[in-house]
Every structure is written in C-alpha cells, then in structure tokens.
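# Coordinates in review
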Amino acid sequence: MATSKSAPAASSATAAYAATDASRATAAAPDASARPAGGTASGLYPNRPGFRPASAVPVGGILPLDRPIEYNLGRKTAKLTVRNTGDRPIQVGSHFHFFEVNRYLEFDRDASFGCHLNIPATTAIRFEPGDEKEVEVVAFGGKRRVIGFNDLVSGYTGDEDVPSYFPARMKAFRRVRKAGFKIAEASAEASSETSSETSAASSAKTAASASSASSASSAAAPHSASPAHAERTASAQRPRTASDKQSRTKK
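The text that follows walks through the structure, step by step, so that each part is easy to find. (Residues numbered from 1 in each chain as written. Predicted model: local features only at pLDDT ≥ 70, side-chain atom pairs only at ≥ 80, totals over all residues. Heavy atoms only, no water.)

## Let's talk about the overall build of the chain
Let me state the cut-off plainly: Counting from the N terminus, the helices are DSSP H or I runs at least four residues long and the strands are E runs at least two residues long. Burial classes follow relative accessibility: with a 1.4 Å probe on protein chains only, a residue under 20% of its type's maximum area counts as buried, one over 50% as exposed, and anything between as partly exposed. We call two residues in contact whenever any of their non-hydrogen atoms come within 4.5 Å of each other. Method for areas: the Shrake-Rupley scheme with a 1.4 Å probe, in which residue coverage is limited to the protein chains shown.
Counting its regular elements, the chain contains five helices and eight strands. Seen in sequence order, the chain has helices and strands lined up from the N terminus as α-β-β-β-β-β-β-β-β-α-α-α-α. For the chain, buried positions account for 18% of its 251 residues. Across the chain, contacts joining residues at least 24 apart in sequence account for 58% of those joining residues at least 6 apart. Of the roughly 18,600 Å² that the chain leaves accessible, carbon and sulfur atoms contribute 55%.

## A short note on the sheet that holds strand 1 (residues 77-84)
Threshold: When DSSP finds two or more bridges between two strands, those strands count as paired.
Here we have four strands laid out as an open sheet, ordered 3-1-6-4, and antiparallel in their pairing. At either end of the open sheet lies a strand with only one pairing partner, and these are strand 3 (105-106) and strand 4 (115-117). In terms of strand pairing, strand 4 meets strand 6 (residues 132-139) through three bridges, oriented antiparallel. Opposite His116, over in strand 6, you have Val138 as the bridge partner.

## Quick look at the environment of Gln91
Summarising the element assignment, Gln91 is placed in strand 2 (residues 90-93). The exposure class of Gln91 is exposed, given its relative accessible area of 52%. Counting along the chain gives 37 residues from Gln91 to Glu128, while the straight-line C-alpha distance between them is 8.5 Å. Setting aside anything within four residues of it in sequence, one finds Gln91 in contact with Ala124, Ile125 and Arg126.

## Describing the packing of aromatic side chains
Going by this rule: Two rings from Phe, Tyr or Trp (for Trp, the six-membered ring) form a pair when their centres sit within 6.5 Å of each other. Planes less than 30 degrees apart are called stacked, planes more than 60 degrees apart edge-to-face, and all others tilted. Our definition puts a charge over a ring when NZ of Lys or CZ of Arg is within 6 Å of the ring centre and also within 35 degrees of the ring normal.
Going through the model one piece at a time under the given rule, you end up with five aromatic pairs. Ring geometry for Phe96 versus Phe149: centroids 4.6 Å apart, planes at 65 degrees, classification edge-to-face. With a gap of 53 residues between them, Phe96 in the loop between strand 2 and strand 3 and Phe149 in the loop between strand 7 (145-146) and strand 8 (155-156) connect regions that are remote in the sequence. Its relative accessible area of 38% is what places Phe149 among the partly exposed residues. Seen from their ring centres, Phe99 and Phe113 are 5.3 Å apart, and the 90 degrees between their planes marks the pair as edge-to-face. Here Phe113 lies in the loop between strand 3 and strand 4 and Phe99 lies in the loop between strand 2 and strand 3, a separation of 14 residues in the sequence. Accessibility assignment for this pair places Phe99 and Phe113 in one class, buried. Put simply, the rings of Phe99, Phe113 and Phe173 pair up and form one aromatic cluster. Note that Arg103 overlies the ring of Phe181, its terminal NZ or CZ placed 4.4 Å from the centroid.

## Considering unusual backbone geometry
Located in the positive-phi region is Arg144, a residue other than glycine, with phi close to 60 degrees. Inspection of the secondary structure puts Arg144 in the loop between strand 6 and strand 7.

## Describing the nonpolar core
Note that soluble globular proteins tend to have their nonpolar side chains buried in a common cluster. As a reminder of what qualifies: To form a nonpolar core, buried Ala, Val, Leu, Ile, Met, Phe, Trp, Tyr and Cys residues must be joined to one another through side-chain atoms within 4.5 Å.
Val82, Val92, Phe98, Leu105, Leu117 and Val135 are the most contacted members of the largest nonpolar core, which totals 17 residues. At the level of secondary structure, the elements contributing two or more residues to this core comprise strand 1, strand 2, strand 4, strand 5 (124-127) and strand 6. Those residues in contact with Leu105 that lie beyond four places of it in its chain are Val82, Arg83, Asn84, Ile90, Val92, Phe127 and Lys182. One finds Leu152, Ala172, Phe173 and Val176 within the second-largest nonpolar core, a separate group that totals nine residues.

## Some remarks on the pattern of salt bridges
Should their charged atoms come close, side chains of opposite charge can pair. What counts is decided by this rule: Here a salt bridge means any side-chain nitrogen of Lys or Arg lying within 4 Å of a carboxyl oxygen belonging to Asp or Glu.
On inspection of all chains with the given rule, the structure shows five salt bridges. Of the charged contacts in the structure, one is a salt bridge between Asp110 and Arg177, with a shortest N-O distance of 2.9 Å. In this pair, Asp110 is assigned in the loop between strand 3 and strand 4 and Arg177 in helix 2 (residues 167-178), connecting sequence segments 67 residues apart. We classify Arg177 as partly exposed; its relative accessible area is 35%. A salt bridge links Glu128 to Arg126, with the shortest nitrogen-to-oxygen separation between them at 2.7 Å. Overall, Glu128 belongs to the partly exposed group, its relative accessible area being 32%. We classify Arg126 as partly exposed; its relative accessible area is 40%.

In structure tokens form, the structure reads like this:
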C-alpha cells in the first residue's frame, strides 16, 4: 500500500520539474529574427562556404601557391659559425630554441638567445662530427615564451628593460655555463688578443726606454784618463803658491 501511494507523488513531481525546465529553455531561446542573416547568434562563425579547390584534391594533397612565400620578415636575425665538437651527428630542427641545442655544438650561444634557425618549418640542419657551418637564426614571434627544450630558460626570451637589464636572459646565461654547454665567446678571444698585443707593445717600449737611458748614461760618463793626463788635470786644479810664482819668474 505504501508503494502504491508514493508512486503517483513521484510522477507528479517529475512532471512539474519537466515543465519548469521547458519554460526556462523557451525563455532563454533567442528570437530567430534577431540572429544575423549569415551566421550564429554571436556572429563569430558566419554561414559562409570555405575554400573549395577548382579540381578534386586527394587526401593529403598539396596545392602550391603561384608565387614565392615570404616568411620571418622584419625580425631580428644573426649569423653564427657552429662547430660540432662531438663524435656523433647532431641534427637541429627549424623551431628548436638554438640557444639550448646540443651541448657539443660550439658557437656564440649568447647571440642566439630567443632565436631559432631561419629555415622553412619542418626542415632541419645536420652537423656531422667535426663539421663547421655558418647558419642564420631569427627571433621567435608571438609572445616569445620558450618552454621546455633543455630547460635553460622556460620563460620570456624577448627584450626586457632595454638597454641594460635583462634578468631572464642573465639567468639563462648562468645556467648554460653551469651546465657545461660549449660556448665560443668571440668577444673574450678578441679581448685576450688585444691585451696580448698591448702587453707586447708596452714591453717593446720599456726595452727602448732602457736602451735610451743606457746610451745617455754612457755618453755622460767621463772617459778613463791616462796617469799623465790625470796629473796635469790635478796640477791645473791645484791652487797656486808663492814658489810657483818665483819659478815662473826665473824662467
């Protein structure tokens, strides 16, 4: 008996909820006349047909453009000389952050920060053991946040507080050196060569000055005199006495 009495109550409650949902849906539905003629209510996806090729294209087919495609225009670029110091081939893809490539590639890593190879997407450059090649890198576009790779940056790689304060870049430079990645620091080599040339020039100047001083002292020093000359010089410098005057008078 209890079961037969509760069943009608449950059915009436369900019917009431259904009626309420239906009324809500009807109230929320927008007026069809208010919709844009060519699309949805938001207007973000207009009801226009997409691109249709003139002839049938098989699945995976390619439709080449009738003119050259230009890419990476107006971005910062840099040319780097890269040498593979390892004993295995190393291949670098087009969009790998070049600053973080294999540690056995030796080049100016600081100049490649925030850049990838300036080659078409999906292509790569291969470096055989001992190979040395000149490549061009180009700055990343978009938000320039580089995440992953060798986890040397995992952050922003664009310009920061120009011209001198680059905290993210400075942290990355410290990490890459601490991790033992090969770096060809041209500026350091140039400065060491300059200092060597400067020290050599200063040594030459010091030697020339010492030689000149020696020559001058030699010229200023008196020549060694003979005993007779020394005696005449001493007699000439000795004060004259009365006996000297008498001897001269007799002569």
